[in-house]
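Fold and contact review
Listed below are the residues making up each chain.
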Amino acid sequence: VQLQASGGGLVQAGDSLRISCAASGRTFSNNAMGWFRQAPGKEREFVAGLTWNGGSTYYGDSMKGRATISRDRVKNTVNLQMNILKLEDTAVYYCAASRHGYIKTPIDAADFTAWGQGTQVTVSS
């Protein structure tokens, strides 16, 4: 079972970037999915999540209004569109699958039981 994140890279402040997560080995179509990030020296932070059918989305304060999470249940992929990127968005971004079909709040990373390897997003000035 693997979650493979991709699409990270070096961008300039103000740019947009779309990162993706592809699942292999099993389907996560009935699981809520999420994106977290971790910057050097900082704790892991919830970025965005959505329910098993994509009907409800949730965003952390850091990227609220600048990010859009979506999923394709047939392709078994989850995407994160990030706009107006800031220097402080620099981090490794991880996709994760929840043990639930819904997003349990408050967000607890322990509810997410499958994690990808992360993709680096670096925002430069």
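Fair warning: this is a prediction, and the values are worked out from it, not measured in the lab.

**Section: the side chain of Asn79**
The residue Asn79 is located in strand E8 (residues 77-82) in this model. Among the polar contacts made by the side chain of Asn79, one reaches the side chain of Ser20 at a distance of 2.7 Å. Once you skip the residues sitting within four places of it in the chain, Asn79 turns out to touch Arg18, Ile19, Ser20, Trp35, Thr68, Ile69 and Ser70.

**Examining the pairing of E8**
Counting buried residues along E8, 5 of its 6 residues qualify, which places the element largely inside the surrounding structure. Summarising the sheet, strand E7 (residues 67-72) and E8 pair through 6 bridges and their orientation is antiparallel. Residue pairing for E8: Ser70 is matched across the bridge by Asn79.

**As for the pattern of salt bridges**
Following the criterion strictly, the structure yields 4 salt bridges and no others. The residue Arg37 makes a salt bridge to Glu45 at a minimum N-O spacing of 2.8 Å. Judged by relative accessible area, which is 30%, Glu45 ranks as partly exposed. Given a relative accessible area of 6%, Arg37 falls into the buried group. Residues joined by salt bridges that share partners form a network here, namely Arg37, Glu45, Arg66 and Asp89.

So, how was this worked out
- Residues numbered from 1 in each chain as written.
- Predicted model: local features only at pLDDT ≥ 70, side-chain atom pairs only at ≥ 80, totals over all residues.
- Heavy atoms only, no water.
- Helix = DSSP H or I, 4+ residues; strand = E, 2+ residues; numbered from the N terminus.
- Polar contact = N/O pair within 3.5 Å; in protein donor to acceptor, adjacent residues only side chain to side chain.
- Contact = heavy atoms within 4.5 Å.
- Buried < 20%, exposed > 50% of the residue type's maximum accessible area, 1.4 Å probe, protein only.
- Pairing = 2+ DSSP bridges.
- Salt bridge = Lys/Arg side-chain N within 4 Å of Asp/Glu carboxyl O.

Everything listed here is a matter of geometry and, on its own, says nothing about what the molecule does.
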